[in-house]
Amino acid sequence: MQPRGSRDELLGWRDGTLRAKVTAPPVDGRANRALCRLIAKRLGVAPSRVAVVRGAGSREKVVRVEGADAKQLREALR
């Protein structure tokens, strides 16, 4: 994930990793929350169902979406 980007967007998959940009700065978890909202909007689920489970202070994150498996997520986030 790239914080302080020009806009919030999912950039696509590269080497099995979903790349994203968010406009929020990496301060007080704002960029993580923006990423969760962006993914939730794309999937059509409530933002509360998306959470960063690993890498909260890193550019590389593991995100969990409640009620969806990896295959469903990959297809929906193309």
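Here, the structure is the one placed above.
It should be emphasised that the depicted structure is a prediction, and the values quoted were computed from it without experimental measurement.

Chemist: When you look at the pairing of strand 1 (residues 9-14) in this model, what are you seeing that I'm missing?
Modeler: Regular strands have side chains that alternate between both faces of the sheet. In terms of strand pairing, strand 1 meets strand 2 (residues 17-21) through 5 bridges, oriented antiparallel. Bridging from a neighbouring strand, Arg 14 pairs with Thr 17 of strand 2. Once strand 1 ends, the chain turns through 2 residues before running back antiparallel as strand 2, passing Asp 15 with a positive phi of about 55°.

Chemist: Which parts of the structure should I look at to understand the nonpolar core?
Modeler: For soluble globular proteins, nonpolar side chains are generally found buried alongside one another. Ranked by size, the top nonpolar core spans 18 residues in total, and within it Leu 10, Val 22, Leu 35, Ile 39, Val 50 and Val 65 carry the most contacts. Those elements that place two or more of their residues in this core are strand 2 and helix 1 (30-43). Look past the residues within four positions of Val 50 in its chain and what remains in contact with it is Cys 36, Ile 39, Ala 40, Val 45, Val 63, Arg 64 and Val 65.

Chemist: Whenever I open this one, a positive patch on the surface confuses me. Can you help?
Modeler: On the surface, Arg 4, Arg 30, Arg 33 and Arg 37 cluster together to form a positively charged patch. Along the chain, Arg 4 turns up in the segment before strand 1.

Chemist: I would appreciate a short explanation of the layout of surface pockets in the present structure.
Modeler: The volume enclosed by the largest pocket comes to roughly 630 Å³. If you trace the largest pocket, you find 21 residues lining it, with Met 1, Thr 17, Leu 18, Arg 19 and Lys 61 closest to the centre. When residues of the lining of the largest pocket are traced back to their parent elements, those giving at least two are strand 1, strand 2, helix 1, strand 4 (62-65) and helix 2 (70-76). A per-element tally of the lining of the largest pocket places strand 2 first, with 4 residues. Each residue belonging to the lining of the largest pocket can be placed in one class, and the counts come to 13 nonpolar, 2 polar and 6 charged.

Chemist: I keep staring at helix 1 and nothing clicks. Help me out?
Modeler: Side chains of residues three or four places apart in an α-helix project in the same direction, reflecting 3.6 residues per turn. With 14 residues, helix 1 extends 20 Å from end C-alpha to end C-alpha; this agrees with the ideal 20 Å at 1.5 Å per step. Where helix 1 is buried, its residues meet strand 1, strand 2, strand 3 (50-54) and strand 4. Of the residues flanking the end of helix 1, it is Gly 44, one or two places downstream, whose phi is positive at about 75°.

Chemist: Just to check I follow, could you spell out the pattern of salt bridges for this structure?
Modeler: It is possible for side chains of opposite charge to pair when their charged atoms get near one another. Counted by the stated rule, this structure contains 2 salt bridges. Where Arg 7 meets Glu 9, a salt bridge forms, and the shortest distance between an N and an O atom there is 3.3 Å. On the basis of relative accessibility, which here comes to 52%, the residue Arg 7 falls in the exposed class. Take Glu 9: its relative accessible area is 19%, and that puts it in the buried class. With a shortest N-O distance of 3.9 Å, Arg 64 and Glu 66 are connected by a salt bridge. Classification of Glu 66 as partly exposed rests on a relative accessible area of 41%.

Scoring rules and cut-offs
Residues numbered from 1 in each chain as written. Predicted model: local features only at pLDDT ≥ 70, side-chain atom pairs only at ≥ 80, totals over all residues. Heavy atoms only, no water. Pairing = 2+ DSSP bridges. Helix = DSSP H or I, 4+ residues; strand = E, 2+ residues; numbered from the N terminus. Core = buried A, V, L, I, M, F, W, Y, C linked by side-chain atoms within 4.5 Å. Buried < 20%, exposed > 50% of the residue type's maximum accessible area, 1.4 Å probe, protein only. Contact = heavy atoms within 4.5 Å. Patch = residues over 30% accessible without salt bridge, like charges linked within 9 Å, V, L, I, M, F, W, Y side chains within 5 Å. Areas by Shrake-Rupley, 256 points an atom, 1.4 Å probe, with all protein chains shown as cover. Salt bridge = Lys/Arg side-chain N within 4 Å of Asp/Glu carboxyl O. Lys, Arg positive; Asp, Glu negative; His and termini not counted. Charge placed at Lys NZ, Arg CZ, Asp CG, Glu CD. 1 Å grid on protein atoms, 1.4 Å probe; cavity = no way out; pocket = protein on both sides within 12 Å on 5 of 7 lines; lining within 4 Å. Points joined across faces, edges and corners; volume = space filled by probe spheres on them. Nonpolar A, V, L, I, M, F, W, Y, C, P; charged D, E, K, R; others polar. Expected span 1.5 Å × (residues − 1).

Interpretation note: all reported values are geometric properties and have no functional meaning in isolation.
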